[in-house]
Every structure is written in structure tokens, then in C-alpha cells.
Amino acid sequence: TDVLCCVIFVIVILGYIVLGTVAWLHGDPRKVVYPTDSYGQFCGQQGTPNANKAILFYFNILQCANPTVLINLQCPTTQLCVSKCPDRFATYIDMQYNYRRNKSYWDYYKLFCNGIFIFSLFFAVPSVLQRCFPDFITRNGTLTVANKTSFKDGHGKIRSEVGVKIFEDYASSWFWILIGLVISMLVSLIFILLLRFTAGVLFWMVIFGVIAAVGYGIWHCYWEYSSLKGKPDSDITISDIGFQTDFRVYLQLSQTWLIFMISLAVIEAIIILVLIFLRNRVRIAIALLKEGSKAIGCIMSTLFYPIITFLLLALCIAYWAVTAVFLASSGDAVYKVMSTLPDCKYTNLTCDPETFSQSNVTKLCPGSQCTFAFYGGESLYHRYIFVLQLCNLLVFLWLVNFTIALGQCTLAGAFASYYWALRKPADIPPCPLASSFGRALRYHTGSLAFGALILSIVQFIRIILEYLDHKLKGAHNAFTRFLLCCLKCCFWCLEHFIKFMNRNAYIMISIYGKNFCASARDAFFLLMRNVMRVAVLDKVTDFLLFLGKLLISGSIIILCIWCNRICVIQEEVPSLNYYWVPLLTVIFGSYMIAHGFFNVYAMCVDTLFLCFLLDLEKNDGSATRPYYMGSSLRAILNKKNKRPEEKKKHSFVL
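Residues numbered from 1 in each chain as written. Predicted model: local features only at pLDDT ≥ 70, side-chain atom pairs only at ≥ 80, totals over all residues. Heavy atoms only, no water.

K.L.:
Describe the overall build of the chain, naming the residues involved and giving the relevant values.
P.N.:
In terms of regular secondary structure, the chain is built from 21 helices and 12 strands. When burial is assessed residue by residue, the chain has 40% of its 654 residues classed as buried. Residue pairs in contact within the chain that sit at least 24 positions apart in sequence constitute 71% of those at least 6 positions apart. Summed over its atoms, the accessible surface of the chain is roughly 36,500 Å², and 67% of this surface lies on carbon and sulfur atoms. (Helix = DSSP H or I, 4+ residues; strand = E, 2+ residues; numbered from the N terminus. Buried < 20%, exposed > 50% of the residue type's maximum accessible area, 1.4 Å probe, protein only. Contact = heavy atoms within 4.5 Å. Areas by Shrake-Rupley, 256 points an atom, 1.4 Å probe, with all protein chains shown as cover.)

K.L.:
An account of the pattern of salt bridges is requested, with residue identities and associated values reported.
P.N.:
It is possible for side chains of opposite charge to pair when their charged atoms get near one another. Considering all chains together, one arrives at 9 salt bridges under this definition. Note that arginine 503 is salt-bridged to aspartate 606, the shortest N-O span being 2.8 Å. Taken together, the positions of arginine 503 in helix H15 (residues 478-512) and aspartate 606 in helix H19 (residues 580-618) put the pair 103 residues apart, joining distant regions of the chain. In this structure aspartate 606 comes out as partly exposed when scored by relative accessible area, which is 21%. Each of Arg462, Glu495 and Lys499 takes part in salt bridges that share partners, so that together they form one network. (Salt bridge = Lys/Arg side-chain N within 4 Å of Asp/Glu carboxyl O.)

K.L.:
An account of the pairing of strand S1 (residues 55-58) is needed here, citing residue identities and associated values.
P.N.:
Side chains Ile55 and Phe57 project from S1 onto one buried face, and the interleaved Leu56 and Tyr58 project onto a second face that is buried too. With 4 bridges joining them, S1 and strand S2 (residues 79-82) adopt antiparallel strand pairing. Looking at the pairing, leucine 56 lines up with cysteine 81 of S2. (Pairing = 2+ DSSP bridges.)

K.L.:
Outline the state of the cysteines, listing residues and values.
P.N.:
Under the defined criterion, the tally for this structure stands at 2 disulfides. The disulfide that involves cysteine 43 links it to cysteine 81, with 2.0 Å between the sulfurs. Its torsion about the S-S bond being -75 degrees, the disulfide of cysteine 43 and cysteine 81 is classed as left-handed. Placement of the pair is cysteine 43 in the loop between helix H2 (29-33) and S1 and cysteine 81 in strand S2, with a sequence separation of 38 residues. Grouping residues by exposure puts cysteine 43 and cysteine 81 together as buried. Note on cysteine connectivity: cysteine 351 is disulfide-linked to cysteine 370, with sulfurs 2.1 Å apart. Between cysteine 351 and cysteine 370, the disulfide has an S-S torsion of 105 degrees and is therefore right-handed. Taken as a pair, cysteine 351 in the loop between strand S11 (332-338) and helix H10 (361-364) and cysteine 370 in strand S12 (residues 369-376) lie far apart in primary sequence, 19 residues in all. Each member of the pair cysteine 351 and cysteine 370 is classed as buried. Note on cysteine 485: no disulfide assigned, nearest cysteine sulfur contributed by cysteine 486 at a separation of 5.9 Å. (Disulfide = S-S within 2.5 Å.)

K.L.:
Could you give me a rundown of the packing of helix H9 (residues 305-328) against helix H12 (residues 385-419), with the residues and numbers involved?
P.N.:
In contact at an axis separation of 10 Å, H9 and H12 are set at 175 degrees when each is read in the N-to-C sense. Considering their axes alone, H9 and H12 lie roughly antiparallel with respect to each other. When the residues that make up the contact of H9 with H12 are grouped by side-chain class, the tally is 18 nonpolar, 7 polar and no charged. (Axes fitted to C-alpha atoms, helices over the stretch in contact; angles between N-to-C directions. Parallel < 35°, antiparallel > 145°, perpendicular 65-115°, else oblique. Nonpolar A, V, L, I, M, F, W, Y, C, P; charged D, E, K, R; others polar.)

The structure is reproduced here in C-alpha cells:
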């Protein structure tokens, strides 16, 4: 399907390989491997003043955490090539004090000064990847930097290193964090398998809980309204007092509680009416969730397919990053102003490091540096470096979206083979996931590439809009900012709509094997014919899966607290500075693991739902066109399959 797009996709991949090769030939690998100082000179390069200085030293490595690093890919601090890393700690004020007592105190630190810049902070550091980093050493079970846990700032005050303590907590508790993440993976797996039995109970419990909570809110608002009704000054309207920064003022008005009560009553009525008139659709959604658990139980390998997607995405990201770095390292050194001040108007402007110290920039933007930024040139190739970088980004987005589309189509094909098996699991073909993966690559590469290209173009436009928005931050044209904001909003909505349509188009491709446009059209009209069922299923599924993620994260929290109170385990738990460090790490990690498992589950439910709608439209329950849905779905819809012998008996009577 979509052979032309398949051919174009293959040609683009070959061109992408050529682009990477050209970037490798023109870029200097040393610029990627070896460190460069603030003047763009290689550390350790023969024939330069840095010949015997092969290690890069950051004057204040803490500045590398500045947000501007993400834009410029350079730390806004002086970088100097040195022969060895310093093994002593000092501050500028502290050194001035010691210099007055001993003139030779400066001799050691002269090795790490370039005569122009004054350092602010030195860490004792070892050499890692030819760069100086903080020297973390464990002394008597305590993590230290340069054999210290706190430092004098030169004014007599002691500064403890919070980052050091956090690093120490990670170093002491990484094994327990790993155990927590493994447990969260097992809990996610068990939760999905048990969802077939608990989906209905869980959903109705939450629904009735929400109804009860809203009902209590109505009663409380009525009680507050009644108690305030007879009090003086409580009958003043909200419009009379106007806008108040202290919102407690509004709570002293009876009108406020009346508005709350009416709003909650309307919400309660809407929930009850929806449950009354859409109860069958809610029951269908719950039955499909249970059926999804059965499908995953029969095809357990689908839960581990995201690992393949992750590896392919890692390959795409690595190739894009290497190509981008080699393109950026082609040409001569270009220097730009780097400043830690957010309102410096000279930031990112080209500068000359030889004359920068005499310019007004250092006065208007204190602490700014003229730092090496990138490599450029005047040749035809160098003139189009920016265009090549844009091509690199567009193809990268295309490959990433194709990888995601391949995973969605593969999972959809596997779950569709489960649904269209009349006798489950006896009629399910062997190795459904591997077979679906082979079909997607062999027959539908063009269709997947077509859908991925449409999405990539929209994402590419969004990135350009974000870039323009960043450039126009200081603009005073309100209309331009308004127009740009509207465009960003429209393309954000368009991207999410295309993602939704692509997802359903890939499911139809896996079922019927048609091209992308035909599959997208069929999926769109199929969903529009069943728009209420789509809305109910989408919200019920999202709600239950979100609840499951919270449940897994909450259970991990309870487990961590419970284990910490057990005496046997408590003896093994390391002493930590901040117990919230590993706890938050485990909570975030467990939520992301649950999100990965539930993405497969959501794809399963979406596939079964489209198959269910097609089943209702194409089949009538006869022997020649039986329903493929499960018995629970047939019972909800009052549908049943006629047995072959029943048809023969009926024909004989006629």
C-alpha cells in the first residue's frame, strides 16, 4: 500500500545516510571527541599553547545548569585547558585573605588562571572524559567533595552542599530504587491482568463515590448558605465588592455559596442523566476493557513490544544527534556573547574574544563572556548548514513518527487477530505479534510513512513557530504576538487531531490492509457513525487508566513506608539525608512504567473497539456471518449467534 510513498521514504533514508556521511567528512571528529576551551582551541593539540594541556577545566561548573545551555550548547563560564585538574578548594575572597599573609599562596592557582578572567569557585576534581568534574569520595560512609561536606564562602559562613547530599542519597539507595521500580512493573502487569475482573466494580465504585462527594458538596453549600443568610453584610453581591485578592472575602457572602450549590447541582444532574441514558454504552465500554485484559492475557508478548520501540527510537535519536553535532562542527570558530542574566540584550551576538574585555558589553551585562559557540564558513556547503540542520530535524521527526506508527500498527494487528478469532484462544494464529510486525513492514511501510510524514510536517511547523516565538520575545508588536499565539494553538490542536486519526487509520490498515487515505476515511466515518460510543469509551478508558496509574504509584508509596517500619528491613535501609529523594524517584519511575504498560492496553482497547463496531455493521449473527465479539458484549446488546443446526431445522420447517 502507498508504494510511491514507500519509495520516497526509502530514498529519503538513503539521502539521510549521505547527509550523515557528508557531515562526518566536513566535520572535525576532534571537535566532538576532544574538549575545546573558551577560544575554540583544542586541549592537547600539538603546535598550540595547549599542547601540554589536554584536560578542560570549568571555572564554575554550576553555571552549566543555566537554561541557556539548552539553546547554545555551551556553558556560560570560562573554560580553560589545563595539564591537570586542581586538587584544592578555594574561593576568591578566601584566596585574597590568604594572599595577604603568604604571597606564595597564589603560585599554585596561577596554573588555572588565564590573566583575564577571575575564577569564583574551585572544586577539587578528577579527570573524567578529559574534563574536570567534582571529586566525589566516600569517607567513613559519607559522600564528600574534596574531603569536605561543607565549605566557607569567604565571609565566615558555612555553606552545605545540598546537591552533594542528594547525590549521596542516590549512591546509597540506588538498589532500593531499582527494587521499587521492579515491583511497580510487576504491579502494573498484575493490574492489567486483573482489570478484566475489576474494571466494572472499580468504575461503578468511583462513579458512585463521585456522586456521593458532589451530593455532600451540595449539602455543605446549602448549610453555609443557610447559616450566612441571616447575618449582616452577607447579602452583599459579588459585583458590589468587585475583585478582591483575599478570596476569603467571597466565602463570607451567601451569594457565593448559592452559586456553588447551583453549580454542583447541575453537575450532579448531568452525571445522573448521563448514567441513565448512556448506561448501555458505559456497560459496553467496561466490557471492552475486560476483553482487552483477556486479549493481553492471550498475547503477553505485546506488553514487552515497547522495548523494541524504545531501542529504535534510541537509534534514531543517536543518529540525529551525531549528525547535528558534525554539521555544527564544520568550519571556523564563531564566538558569541554568553550571559547568565535573562535581560541582557547582547546575548547570542557575535563577538571577538581579543577585544571583548574592552567593550561596553561587560559593563552593561556583568559576568558576560565571549565564548566559543559553533563552527561556520563562507563556502557553499557552510552557507547551507542551517538548511541541512532543518532537513536533519525533519527527517528525524519522520523516522521517530514512523517508528511509533510501526509499533501501533503491529500491536493493532496482533489484537485484531485475537478479536477476529471465532473461538478464542483456539483460533488465534501462532506468533500473532511477530506475524503482525512482518505484515506491517512488508505490505504497509508506505502507508505508515505517509501518516508519519503528515504528522512530522505539522510538528516541524510547530518547532519553527516556537523558534520564532523565542526570537520575538522582546518584540512590542502586540498583533504579531497574538497572531503567533493563535497559530501555535491551531497547530497544537491539528497535531493532536492527526495523532488521533493516524492511530485509528493504522488500526484499519492492520484489519483490511488498505492504503492510508482509504483507511483514514473509513475510520473517520466509522467513528462518526458511533460518536456517542466513541466519546463514552474514550473517557471511561482514560479515566480508568489514569486511576490505575495513580493506584500503582500510591501502592508503591504505601509499600515504601510499610517496609521502612519493618524492623528486619529497617536494619538494611541506608541512612539518608533526604528520604524524599529516592521516594520521589520511585514514584515518578513507577508512574512512567505504568504509563508504558497502559499505552499497550489503550491500543488494545482502541483496536477491539473498532473491530467491535465493524462486527456490528458487517455481521448479523447468522451461521455465515456470525458475531466475533465475546459473550459478554453479545449479552449487553441482546445479540446471539445462530448455530448451524438451528438454521437447518428452520429450513426444514419452511
